[in-house]
Amino acid sequence: MELDNASVKILRCFKKQKSLSMEQLIIFTPYEFDDLQERVNALLERQLIEIDHSEKDPILTYKIKTEGKFYLENHLKKGILAWTPLVLSSIAIIISIIALLK
């Protein structure tokens, strides 16, 4: 269940704010309304966000679910776990080359 970068950015917006409407998402993100609507529907289908029924306003708002928060935490960890071996290997290669040149 991988999300593209734009969907992850939208999910991060939901994590930062308690509850967001589509109009607020348009302000906080650089995406157009149609693109946002499509991505929000995809996040709803994957059950990472839900409709916020606690708001008294008639405006439809969304909030992040626990599954969405877990997804963001695992997404960050996976990125760190992917880059750490590459960085350490590069440092080891550079140190080896410097040692051979001396």
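Refer to the preceding data block for the structure.
Because the structure is predicted, anything quoted here is derived from the model rather than measured.

Draft legend 1. Molecular detail of the pattern of salt bridges. Taken as a whole, this structure holds 5 salt bridges when the rule is applied. Across the pair arginine 39 and aspartate 4 runs a salt bridge, and its minimum N-O distance is 2.3 Å. Separated by 35 residues along the polypeptide, arginine 39 in helix α3 (residues 33-45) and aspartate 4 in the segment before α1 (5-16) bring together distant segments of the chain. Here the residues in one salt-bridge network are Asp4, Asp35 and Arg39, joined through shared partners.

Draft legend 2. The arrangement of the nonpolar core in detail. Counting 20 residues, the largest nonpolar core has Leu3, Ile10, Leu11, Phe14, Leu25, Leu43 and Ile49 as the members making the most contacts within it. By residue number, the principal contributor to this core is α1, which donates 6 residues. If we skip the residues at most four places from it in the chain, isoleucine 10 touches Leu25, Thr29, Tyr31, Leu36, Arg39 and Leu43.

About the thresholds
Residues numbered from 1 in each chain as written. Predicted model: local features only at pLDDT ≥ 70, side-chain atom pairs only at ≥ 80, totals over all residues. Heavy atoms only, no water. Salt bridge = Lys/Arg side-chain N within 4 Å of Asp/Glu carboxyl O. Helix = DSSP H or I, 4+ residues; strand = E, 2+ residues; numbered from the N terminus. Core = buried A, V, L, I, M, F, W, Y, C linked by side-chain atoms within 4.5 Å. Buried < 20%, exposed > 50% of the residue type's maximum accessible area, 1.4 Å probe, protein only. Contact = heavy atoms within 4.5 Å.

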